[in-house]
Amino acid sequence: MIKIILRRLSPLLIIGVFVAGAMVLLSTKEAPEQKDTPITVPIIDVQSVTPQTLSLNLPSYGVVNPKYKTQLVTEVQGRLLTVSANFVAGGVVKKGEQLAIIEPSDYEADLIQAEASVAQATAALNEEKARGEVAKVEFKDFGNGLPPELGLRIPQLKKEQANVKYAQAALARAQRNLERTVIRAPFDGIIKARNVDLGQYVTLGTNLGELYDTSIAEIRLPLTNEDLAYLESVDNPETAVTLTALLAGKQVTWQGNIVRSENVIDEQTRMVYLVAEIHDPYLRNSKKTGQLPLKYGSFVNAIITGKSVDDVVKLPRHVIRNGQAAVVNKDNIIDMRQVNIIRSDVDTLYIKGSFTAGERVSTTSINSLNAGQSVKVLGEESAKPAANTETETATTAGE
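Conventions adopted
- Each residue is numbered by its place in its chain's sequence as written, counting from 1.
- At least 70 in pLDDT is required for a residue's local features to be given in this predicted model, at least 80 for side-chain atom pairs to be given and counted, and no such filter applies to totals for whole chains, interfaces and linings, which use all residues.
- Values reported for side chains reflect all heavy atoms of the structure, with hydrogen atoms and water molecules removed beforehand.
- Numbering of helices and strands starts at the N terminus; helices are DSSP runs of H or I of at least 4 residues and strands are runs of E of at least 2.
- Multiply 1.5 Å by the residue count of a helix minus one, and that product is the helix's expected span.
- Note on classification: 1.4 Å probe, protein chains only; a residue is buried when its accessible area is under 20% of the maximum for its type, exposed when over 50%, partly exposed between these limits.
- When two rings of Phe, Tyr or Trp (its six-membered ring) have centres within 6.5 Å they constitute a pair, described as stacked for plane angles under 30 degrees, edge-to-face for angles over 60, and tilted for the intermediate range.
- Both a distance and an angle decide whether a charge sits over a ring: NZ of Lys or CZ of Arg must be within 6 Å of the ring centre and within 35 degrees of the ring normal.
- Criterion used throughout: strands pair if DSSP finds at least two bridges between them.

Undergrad: Just checking my understanding: could you explain helix α3 (residues 154-179) for this structure?
TA: Every α-helix winds through 3.6 residues per turn, so residues three or four apart in the chain are directed the same way. Its 26 residues place the ends of α3 38 Å apart at the C-alpha level, agreeing with the 38 Å of an ideal helix rising 1.5 Å per residue. Looking only at α3, the buried set comprises Glu160, Val164, Ala167, Leu171, Ala174 and Asn177.

In structure tokens, the structure reads:
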């Protein structure tokens, strides 16, 4: 009977033992150590600013084109007898250089005929002059007043003089036509294209090819209407321009000048175009070691020199948010300052009259910064009061 009672009460005894043990553990536990939660001070990087006088340069872009280009067109007709080796696409030619010859035999014959006509007309004129002298003698004793012009052969003389001029004009035309059988380059240039071949028959007005002048290159540079305000003169925008392009795997720079504005706003792009010039782009007159030519058709980036403005600070775009900059004072406290942005480009903001020399501006993202917030500047040592506080905390912990 007792065994049955003990077997039934054993679970209750076990539970009671565990409850007693738990109560003992709870009564003897220690309170957790209380620690102060440290205040996190953000670490930022800063940039010291110095207002200065800057030229507000204007970025642009364009394609290099020749200032002068011409179609080589025939003024006479005939078969091409010769074609110069330089008269090919990409060939470089000098002013007056022979490019092709049209068969001249017909024009040489015309020249001989014109010379004969001049000689014939000149002989007739001399004969008429002699007749006029004879007529003067015959009418010397004419008793009825002045002799008639017809009797003195004055009209006949004028006719022969006109015939001489006509023959001389025909001779000059024949000489020009003979000269035109030789196709020459009108200026120093580079052959863009050749449209004819040796032995081909060409007529008046046949397009032989296209020639680009190599003395001056032009680049049309678009600007917004607002950007014109940063030029020294809108009506006469003559200023310097720096052009850059990637050639032969390296960045190459050329210096040029803005010579004029087209003074028309493009209807589609709403841009105003300035025209820059580069002299001797193919370096035909002077070339330095390692210098590369500015080839026609190249795409270039341009920096146009703008007007100078005083008290300007340049800052990266990410430093400014909603027109405000995070200025760090001498106590490393944030001051959110509204700034005057006068111009911006892809990477930089230009700010006028908003900073004094030596002020520090946070270059770290200002999204998490607030006015009056304490910060730690990257690279600076901790302040002494903070160090003392840490020493006192360590001493207290040791005690």
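Undergrad: When you look at the packing of aromatic side chains in this model, what are you seeing that I'm missing?
TA: Describing an aromatic ring pair means giving the distance of the ring centres and the angle of the ring planes. Taken as a whole and judged by the stated rule, the model has three aromatic pairs. The interplanar angle of 25 degrees and the centroid separation of 6.0 Å between the aromatic rings of Tyr61 and Phe299 together place this pair among those described as stacked. Here the residue Tyr61 occupies a position in strand β4 (residues 58-66), and Phe299 occupies one in strand β17 (residues 299-304), the gap between them amounting to 238 residues. Given the relative accessible area of 42%, Tyr61 is considered partly exposed. Ring pairing ties together the aromatic residues Tyr212, Tyr282 and Tyr296, which thus form one cluster. Lying over the aromatic face of Tyr273, Arg220 brings its terminal NZ or CZ to 4.0 Å of the ring centre.

Undergrad: For this particular structure, what's the right way to read the pairing of strand β8 (residues 98-102)?
TA: Each regular strand shows side chains that alternate between the opposite faces of the sheet. Burial runs high along β8: four of the five residues are buried. Inspection of the sheet shows strand β6 (residues 78-83) paired to β8 by three bridges, in the antiparallel sense. If you follow Val83 over to β8, its bridge partner there is Ala100. In the sheet, β8 pairs with strand β9 (residues 182-184) via three bridges, with the strands oriented antiparallel. Each residue of the ladder has a partner; that of Gln98, found in β9, is Arg184.

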